[in-house]
Each structure stands twice: as C-alpha cells, then as structure tokens.
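# Secondary and tertiary structure notes
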Amino acid sequence: MLLPAVGAGLLALLLAIPLSKAARRRVYRRGPLRRRVAQAWQDAVAALRAGGTRVHNGQTTGQVLEAAPESCMPVLRPLAELVDRVAFSPDEVTEDMAKAAAVHGDQVRSRVRVGLGTGRRLAWLFNPRPLLAGRRPVEYADLSSAEQAWSGGAARREGP
C-alpha cells in the first residue's frame, strides 16, 4: 500500500523540474511585450550556459555573441539585435517583435541541444538551476573590496 504512494511521489518529484520549466516559458509568452523579449534573451543565455558556453545574464549582447558557438549565430544574432532595439530604442515594442524573440530563443535552445549527447540532454532536462534566482557573477560580487584596493585601502582614506 505504501509502495504506490511512494512511487507516485517520486514520479511527481522527477517531473516537477521539466514541467516547471515548460510552465515558466508559457507564462512569459503572455506577459508584457518588453518582458517577453527580455525573457527570450535570458532563456537563450541559460541555454548557452547549459550547453557549456561560459556566459551569464550580466553580459552585454555583444559579449554573449563573442562567446557563443558558431552554430547558434544565425538565430542568436537577430535575437541580440532585437533585444538591443527593444532596450535602447524609444519605439514601441510590437507583438511581432515579441513573437520573433520567442522563436529565436526556441531556436537557440534547439541548436544548443542538438550538439549535446544523450546524457547531457537528460541532465539539462532535470537541471533546476534555470528555475532558481539568478546569482551575481563573481566579478561583480564584492565591489567594496575592489573599491578599497583601488583607493589604496583604509589607511589612505584617513585624514592628516
């Protein structure tokens, strides 16, 4: 009697991560247009990171393009241009722009997954990190120590 309940619980736990990822993608396809474009970019960066590319959300689109594999360039470059246009242009974001961003983001994810082996694809499917809150990259983690090093430490800040 206990065995079916434990099995159902394990199955639910096993499927929770992939189902949560799919639900999150669906929700972001219905939000505000600017957020949908930004989310497509964040999903593309997460896909690149899961595929082994050393990128993070704090990088500019140009930095991500430099680090990305060549196989992703035909779909990543238009997405980057769209993200920059939405972020820095005073023009209104249209539904077509948000849909194009979502399509490009899906294509980046597909291209990254094609280059992975079966084990890496399974690991990607059950990896909970994209669902967790974003962490700051190491180089941005502690600005106070960088400021002290730059100013010469506390001894130089003291008065005469």
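Just above sits the structure.
An account of the accompanying structure is given in this report. (Residues numbered from 1 in each chain as written. Predicted model: local features only at pLDDT ≥ 70, side-chain atom pairs only at ≥ 80, totals over all residues. Heavy atoms only, no water.)

This brings us to the overall build of the protein. Of regular secondary structure, the protein possesses 8 helices and 0 strands. Helices (α) and strands (β) of the protein occur, in sequence order from the N terminus, as α-α-α-α-α-α-α-α. Each of the 160 residues in the protein was classed as buried or not, and the buried ones make up 29%. Just so you have it, the protein exposes about 10900 Å², and 59% of that area is on carbon and sulfur atoms. (Helix = DSSP H or I, 4+ residues; strand = E, 2+ residues; numbered from the N terminus. Buried < 20%, exposed > 50% of the residue type's maximum accessible area, 1.4 Å probe, protein only. Areas by Shrake-Rupley, 256 points an atom, 1.4 Å probe, with all protein chains shown as cover.)

On to empty space enclosed by the protein. Within the structure shown, the criterion is met by 1 cavity of 30 Å³ or more. Contributing to the lining of the largest cavity are Arg85, Val86, Ser89, Asp91, Glu92 and Met97. Grouping the amino acids of the lining of the largest cavity by side-chain chemistry returns 2 nonpolar, 1 polar and 3 charged. (1 Å grid on protein atoms, 1.4 Å probe; cavity = no way out; pocket = protein on both sides within 12 Å on 5 of 7 lines; lining within 4 Å. Points joined across faces, edges and corners; volume = space filled by probe spheres on them. Nonpolar A, V, L, I, M, F, W, Y, C, P; charged D, E, K, R; others polar.)

Compared with an ideal rise of 1.5 Å per residue, which puts 16 residues at 22 Å, helix H4 (residues 73–88) spans 22 Å between its outermost C-alpha atoms and is within 8% of the ideal. Along H4, the residues that are buried comprise Met73, Val75, Leu76, Leu79, Ala80, Leu82, Val83 and Val86. Structurally, H4 contributes buried residues whose contacts are with helix H2 (33–50), helix H3 (61–67) and helix H5 (95–114). (Expected span 1.5 Å × (residues − 1). Contact = heavy atoms within 4.5 Å.)

Now for a nonpolar patch on the surface. Where nonpolar side chains cluster on the molecular surface, the patch consists of Leu2, Val6, Leu10 and Leu13 and spans about 430 Å² of accessible area. Within the secondary structure layout, Leu10 lies in helix H1 (residues 2–28). By relative accessible area, Leu10 is classed as exposed at 54%. (Patch = residues over 30% accessible without salt bridge, like charges linked within 9 Å, V, L, I, M, F, W, Y side chains within 5 Å. Salt bridge = Lys/Arg side-chain N within 4 Å of Asp/Glu carboxyl O.)

What follows deals with the pattern of salt bridges. One pass over the full model with this rule turns up 2 salt bridges. Among the salt bridges present, the one from Arg109 reaches Asp106, with a minimum N-O distance of 2.4 Å. Here the residue Arg109 and the residue Asp106 both occupy positions in helix H5, the gap between them amounting to 3 residues, near one helical turn. Assessed through its relative accessible area of 14%, Arg109 is described here as buried. Overall, the relative accessible area of 26% leaves Asp106 in the partly exposed class.

This part takes up the packing of H2 against H4. As a packed pair, H2 and H4 sit with axes 10 Å apart at the nearest point and diverge in direction by 140°. As far as their axial angle goes, H4 and H2 are oblique. Handedness of the H2/H4 crossing: left-handed. Taken together, the residues of H4 that come into contact with H2 (itself represented by Arg34, Val37, Ala40, Trp41, Ala44 and Leu48) are Leu76, Leu79, Ala80, Leu82, Val83 and Val86. Class assignment for the residues of the contact of H2 with H4 results in 11 nonpolar, no polar and 1 charged. (Axes fitted to C-alpha atoms, helices over the stretch in contact; angles between N-to-C directions. Parallel < 35°, antiparallel > 145°, perpendicular 65-115°, else oblique. Left-handed = near helix turned anticlockwise from the far one by under 90°.)

A separate point is the nonpolar core. Residues Val37, Trp41, Leu48, Val64, Leu76, Leu79 and Val108 are the most contacted members of the largest nonpolar core, which totals 28 residues. When residues of this core are assigned to their parent elements, the largest contribution, 8 residues, is made by H4. Not counting the four nearest positions on each side in its chain, Leu48 is found in contact with Thr53, Val55, Val64, Ala68, Pro69, Cys72, Leu76, Val108 and Val112. (Core = buried A, V, L, I, M, F, W, Y, C linked by side-chain atoms within 4.5 Å.)

Inspection of the secondary structure puts Ala102 in helix H5. Placed 66 residues apart in sequence, Ala102 and Arg36 show a C-alpha to C-alpha distance of 7.4 Å. Setting aside chain neighbours within four positions, we find Ala102 in contact with Arg29 and Ala40.

A few words on the environment of Pro128. Within the secondary structure, Pro128 sits in the loop between helix H6 (118–125) and helix H7 (143–151). According to the relative accessible area criterion, Pro128 is partly exposed, its value standing at 36%. Placed 107 residues apart in sequence, Pro128 and Lys21 show a C-alpha to C-alpha distance of 8.6 Å.

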